[in-house]
Amino acid sequence: MAQRVRKAVLPVAGLGTRFLPATKAMAKEMLTVVDRPLIQYAVEECLAAGIEEFVFVTGRNKSAIEDHFDHAYELEMTLAQRGNKQAELKQTEQATIKPGNAIFTRQQKPLGLGHAVWCARHWIGREPFAVLLPDELMGDSGLLTQMIDVCERSDGSVVGLTKVPRDKVSAYGVIDPSGPLGDDGVVPVQSMVEKPPVDEAPSDLIIIGRYVLTNDVLDLIDQLGPGAGGEIQLTDALRQQAASGPFHGVVTRTTRFDTGNPFGWLTAVIDYALARPELGERLDAWMRERLARGETT
Ligand code: UTP
């Protein structure tokens, strides 16, 4: 019987070069979408999918992430004393993780995603675990929940996938399926390639920032040398797993935003704000009026 997936690694040690200068002194995972930082959406997604323990792999300028999930005693006391701030108090208290359920470890040098995951090895122990890239914002926890289920049933690693137009595949990691895509969005995977030329891509299914991995991946990363770009690539270890045992992909049905660049982040903010009852109507009206004016500067 496969072990239950209870832990998640959140690698947040990247440099965020696509979002400079905002990310010069601040982690990109602290960028807000409407009223909460990206990292909080990732934690909420995990909790909704049954994850209990968190390992944050951090780098420089990331202490705000640790503070965000701590109790803010002075703020909470002040809000509690003000009779009309109970909703705000609740929101603030919700942005915490149970005592002892989060570990923060430093990657020290951004040597790649594979290396970031490996830095979490002592806290993961010998269990399967999820990895979420928090700058990829998912509308709900449906994908992660399904991926955990597939991992626990098959006792093999699982990657999150989305379909892209064929001419766009060269920018991504692409899977090589070993069987047909099921109605449930699950597909068996035999290999994967990073950024293939369009005519050599084995499919139009790209890997997105959600992984549920069996523990042997840590030993495989341990044996890896630097890969593409001189970084220790998670994909290199996943390719070895896919070649030797059960390995699946799950195609997401949830909308996904890549908030690691200004355009993706802006679209996420607008989409999430339009869905908020207290903001949606006003924003919609403002946008219509603004677009009718036509000027872009
Ligand atoms: P990205 O590819 O988005 O890189 O990393 P980045 O450095 O964060 O951003 P850009 O491309 O320079 O704008 C994907 C995920 O892997 C983490 C990042 O924090 C992000 O969550 N990561 C990447 C690490 O934790 N360590 C690394 O060495 C590399």
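For clarity, every value in this text was computed on a predicted model and none was experimentally measured. Residue positions are given per chain, counting from 1 as you read along its sequence in written order. It should be noted that, the model being predicted, local features are given only for residues of pLDDT at least 70 and side-chain atom pairs only at 80 or more, the latter also being counted only at that level, while totals for whole chains, interfaces and linings use all residues. Hydrogens and water are ignored here; the side-chain numbers use all heavy atoms of the structure.

### Looking at the nonpolar core
At step 1: Grouped together as the largest cluster of nonpolar side chains are 33 residues, with contacts concentrated most on Phe129, Tyr211, Val217 and Leu238.
At step 2: Residue contacts are counted whenever heavy atoms from the two residues lie within 4.5 Å of one another. Excluding its chain neighbours within four sequence positions, the residues that come into contact with Phe129 are Val5, Lys7, Val9, Val117, Ile124, Tyr211, Val212, Leu213, Thr214, Asn215, Val217 and Leu218.
At step 3: The next biggest cluster of nonpolar side chains, apart from the first, holds 30 residues, and it includes Val5, Cys46, Phe56 and Leu143. Among buried residues, those of type Ala, Val, Leu, Ile, Met, Phe, Trp, Tyr and Cys that are joined through side-chain atoms within 4.5 Å constitute a nonpolar core. Exposure is judged per residue with a 1.4 Å probe applied to protein chains only, and the accessible area is read against the type maximum: over 50% gives exposed, under 20% gives buried, and values in between give partly exposed.

### So, the site of the ligand
At step 1: One heavy atom suffices: a residue is near a molecule or strand as soon as one of its heavy atoms comes within 4 Å of it. Taken together, 19 residues are adjacent to the ligand, and Thr17, Arg18, Lys28, Gln107 and Gly112 come closest.
At step 2: Throughout this description, a polar contact denotes any pair of N or O atoms lying within 3.5 Å of each other; where both atoms belong to protein, one of them has to be capable of donating a hydrogen while the other can accept it, and for residues adjacent in sequence the pair is counted only when both atoms sit in side chains. Pro11 has a polar backbone atom sitting 2.8 Å from an oxygen atom of the ligand.
At step 3: Here an oxygen atom of the ligand and a side-chain polar atom of Asp135 are 3.5 Å apart.
At step 4: Per-residue accessibility takes into account occlusion by the displayed protein chains alone, with areas from the Shrake-Rupley method and a 1.4 Å probe. Protein chains bury 82% of the 570 Å² of accessible surface belonging to the ligand in isolation.
At step 5: Think of a 1 Å grid over just the protein atoms. A cavity is a set of points where a 1.4 Å probe fits yet cannot get out, a pocket is an open set with protein on both sides within 12 Å along at least five of seven lines, and lining residues have an atom within 4 Å of a point. A molecule is said to be in a cavity or pocket once over half of its atoms fall within 2 Å of that pocket's grid points. Judged by its atoms lying within 2 Å of the grid points, the ligand is housed in the largest pocket.
At step 6: Of the residues belonging to the shell around the ligand, the class tally is 10 nonpolar, 5 polar and 4 charged. Nonpolar residues are Ala, Val, Leu, Ile, Met, Phe, Trp, Tyr, Cys and Pro. Charged residues are Asp, Glu, Lys and Arg, and all others, Gly as well, are polar.

### Structural notes on the packing of aromatic side chains
At step 1: In summary, the pairing rule links any two rings of Phe, Tyr or Trp, Trp by its six-membered ring, whose centres are within 6.5 Å, and it sorts them by plane angle into stacked for under 30 degrees, edge-to-face for over 60 and tilted for everything else. For the coordinates displayed, the defined rule picks out 5 aromatic pairs.
At step 2: Ring-pair connections join several aromatic residues into one group, and the members of that group are Tyr41, Phe257 and Tyr272.
At step 3: Either the NZ atom of lysine or the CZ atom of arginine qualifies as a charge over a ring when it sits within 6 Å of the ring centre and within 35 degrees of the ring normal. Directly above the ring of Trp118 sits Arg121, whose terminal nitrogen or CZ lies 3.6 Å from the centroid.

### Concerning the packing of helix H10 (residues 262–274) against helix H11 (residues 280–293)
At step 1: To define axes, lines are fitted to C-alpha atoms, for helices over the stretch in contact only, and angles between the resulting N-to-C directions are given on a 0 to 180 degree scale. Under the scheme used here, helices are H or I runs from DSSP no shorter than 4 residues and strands are E runs no shorter than 2 residues, and both carry numbers assigned from the N terminus. Remark: H10 packs on H11, axes separated minimally by 7 Å, with the N-to-C direction vectors making an angle of 125 degrees. By the angle between their directions, the pair H10 and H11 is classed as oblique. Across the interface between the two elements, Ile270, Ala273 and Leu274 from H10 touch Gly280, Leu283, Asp284 and Met287 from H11.
At step 2: In terms of residue class, the contact of H10 with H11 is built from 5 nonpolar, 1 polar and 1 charged. Orientation is classified from the angle alone, with under 35 degrees giving roughly parallel, over 145 giving roughly antiparallel, 65 to 115 giving roughly perpendicular, and any other angle giving oblique.

Remember, this is a structural readout, not a statement about activity or role.
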